[in-house]
Amino acid sequence: MKAVLILSGGMDSTTLLHYLVKVLHAEAQALSFDYGQRHKKELKYASRSCRKLKVPHYIVKLASITPLIYNSALTNKNINIPNGPYSKDNITTTVVPNRNMIMLSIAIGYAENLNYNYVAIANHLGDHPIYPDCREEFINAMNIASTLGTYNKIKIYAPFTNLTKGQIAFIGKKLGIDCDKETWSCYKGGRNHCNKCPTCLERIAALKEANSITKLPKHLGVVL
C-alpha cells in the first residue's frame, strides 16, 4: 500500500499514521495544512510524529484562502471558540467550509504525482453529526471522484469512518501512542489544552472510553 495521509496532528490522524506504518507497513507520506487556523500548534505535533516514524512530511500553506473560509471560529478570531460539549447552539461555529474536500483534492493530486494508489483520512463516527464533509456518504462520493479523476484510480482510505473516537483512542494506545504528549486537539491553541472547548471535552471522553475497551468488534474492519 502506498498512501498520502492527511495529518492534522490530532489524536485521530496520528493514530492512522501509526496504523499505516506499524500495522499495514505502508509506504506513506503525510500532508498537513496551514489554512489560517488558530490552533497551528497541531502542525508541530504532526511534524514530531512524522520524524519519529521517519515519514516524509509536508505542510501545505493555504493561508491565502483564509478570507474565503472565514465564517468559522477556527479561522476568524472575531468568532469565539465555544466551551462545553458540541450542541445545536455551537455545532456550526467550528465548521470550516468544505475543508476536507479542499485537503483531499490536494492530497489526491500529490498521490497521483507520486504514483501512489491511496489517500488516507481519519474521519470518524463522532464527526458525522457535526461536519458534513466527514460523513460516509461524502467519503464515498470523493472516492468515486478520485478514481474517475486520476490515472492511478486513487482510492480514499478511511478505516475509522464508523469507529467512535474512543475506539480510535484504544487503537492508538495499542500502537504505543501517548496522546497527552504526542497529539494536539484544542481549538484554542494555547500553551496547554483548555479542557473546556468541544474538541477537548470529546478528547477527554474518548480517552476515558478507551480505558474500558478490551477489543474491537471484527465488523469494524480494524484488527490489531
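As the structure is a prediction and not an experimental result, all values here were calculated from the model.

Engineer: Pulling in residues and values, what's your account of the pairing of strand β2 (residues 27-34)?
Structural biologist: Residues in a regular strand project their side chains so that they alternate between the two faces of the sheet. Most of β2 sits inside the fold, with 7 of its 8 residues counted as buried. Two elements, strand β1 (residues 2-6) and β2, share 5 bridges in a ladder whose sense is parallel. Considered in β2, the bridge of isoleucine 6 is made with leucine 31. In this fold, β1 hands off to helix α1 (residues 11-23), which returns the chain to β2; that crossover is right-handed. Two strands pair when backbone bridges link them, and β2 and strand β3 (residues 57-61) are joined in this way by 5 bridges, in the parallel orientation. Bridge pairing links leucine 31 to tyrosine 58 in β3. Handedness of the crossover joining β2 and β3 through helix α2 (residues 41-53): right-handed.

Engineer: I'd like a rundown of the pattern of salt bridges, residues and numbers included.
Structural biologist: Close approach of charged atoms lets side chains of opposite charge pair. Under the counting rule described, the total for this entry stands at 3 salt bridges. One salt bridge in this structure joins lysine 165 and aspartate 12, with 2.8 Å as the shortest N-O distance. Linking lysine 165 in helix α5 (residues 165-174) with aspartate 12 in helix α1, this pair joins segments that are 153 residues apart in sequence. In this structure, the salt-bridge partner of aspartate 34 is lysine 40, at a minimum N-O distance of 2.7 Å. Relative accessible area serves as the criterion here: at 9%, aspartate 34 is assigned to the buried category.

Engineer: Account for the state of the cysteines, with residues named and values stated.
Structural biologist: One pass over the full model with this rule turns up 0 disulfides. Left unpaired, cysteine 194 is separated from the closest cysteine sulfur, that of cysteine 186, by 3.6 Å. You can call cysteine 194 partly exposed: its relative accessible area is 22%. Cysteine 200 takes part in no disulfide bond, and the closest cysteine sulfur to it belongs to cysteine 186, at a distance of 3.7 Å. Relative accessible area serves as the criterion here: at 0%, cysteine 200 is assigned to the buried category.

Engineer: Just give me the short version of the side chain of glutamine 29, but keep the residues and values in it.
Structural biologist: Relative to the assigned elements, glutamine 29 resides in strand β2. Exposure remark for glutamine 29: the relative accessible area of 10% places this residue in the buried category. In terms of polar contacts, glutamine 29 uses its side chain to reach the side chain of tyrosine 110, at 2.7 Å.

Engineer: Please give an account of unusual backbone geometry that cites residues and values.
Structural biologist: Unusually for a residue other than glycine, lysine 153 sits at a positive phi of about 55°. Inspection of the secondary structure assignment puts lysine 153 in the loop between α4 (136-149) and β5 (155-157). Positive phi is not limited to glycine here, since asparagine 195 has a value of about 60°. With respect to the helices and strands, asparagine 195 occurs in the loop between α6 (179-182) and α7 (198-212).

Engineer: Would you mind going over the nonpolar core in detail, with residue names and values included?
Structural biologist: One finds Val4, Phe33, Leu104, Val119 and Ile156 to be the most contacted residues of the largest nonpolar core, which totals 36 residues. Of all the secondary structure elements, the ones that give two or more residues to this core are β1, β2, α3 (99-114) and α4. At 6 residues, the largest contribution of residues to this core is made by α3. Leave out the neighbours within four places in its chain, and phenylalanine 33 touches Ile6, Leu43, Val60, Leu62, Met103 and Ile106. Among the nonpolar cores identified, the runner-up in size contains 30 residues, and Leu5, Ala122, Ile171 and Leu216 belong to it.

Engineer: Mind laying out the packing of α1 against α2, listing which residues take part and the relevant values?
Structural biologist: Interaxial distance between α1 and α2 falls to 11 Å at its minimum, and their mutual angle equals 15°. Taken as axis vectors, α1 and α2 run roughly parallel relative to one another. Remark: the crossing between α1 and α2 carries right-handed chirality. Along the contact surface, α1 presents Thr14, Leu17, His18, Val21 and Lys22, while α2 presents Ser49, Cys50, Lys52 and Leu53. Of the residues assigned to the contact of α1 with α2, the class counts are 4 nonpolar, 3 polar and 2 charged.

Parameters and conventions
- Residues numbered from 1 in each chain as written.
- Predicted model: local features only at pLDDT ≥ 70, side-chain atom pairs only at ≥ 80, totals over all residues.
- Heavy atoms only, no water.
- Buried < 20%, exposed > 50% of the residue type's maximum accessible area, 1.4 Å probe, protein only.
- Helix = DSSP H or I, 4+ residues; strand = E, 2+ residues; numbered from the N terminus.
- Pairing = 2+ DSSP bridges.
- Right-handed = clockwise from strand over helix to strand, strands pointing away.
- Salt bridge = Lys/Arg side-chain N within 4 Å of Asp/Glu carboxyl O.
- Disulfide = S-S within 2.5 Å.
- Polar contact = N/O pair within 3.5 Å; in protein donor to acceptor, adjacent residues only side chain to side chain.
- Core = buried A, V, L, I, M, F, W, Y, C linked by side-chain atoms within 4.5 Å.
- Contact = heavy atoms within 4.5 Å.
- Axes fitted to C-alpha atoms, helices over the stretch in contact; angles between N-to-C directions.
- Parallel < 35°, antiparallel > 145°, perpendicular 65-115°, else oblique.
- Left-handed = near helix turned anticlockwise from the far one by under 90°.
- Nonpolar A, V, L, I, M, F, W, Y, C, P; charged D, E, K, R; others polar.

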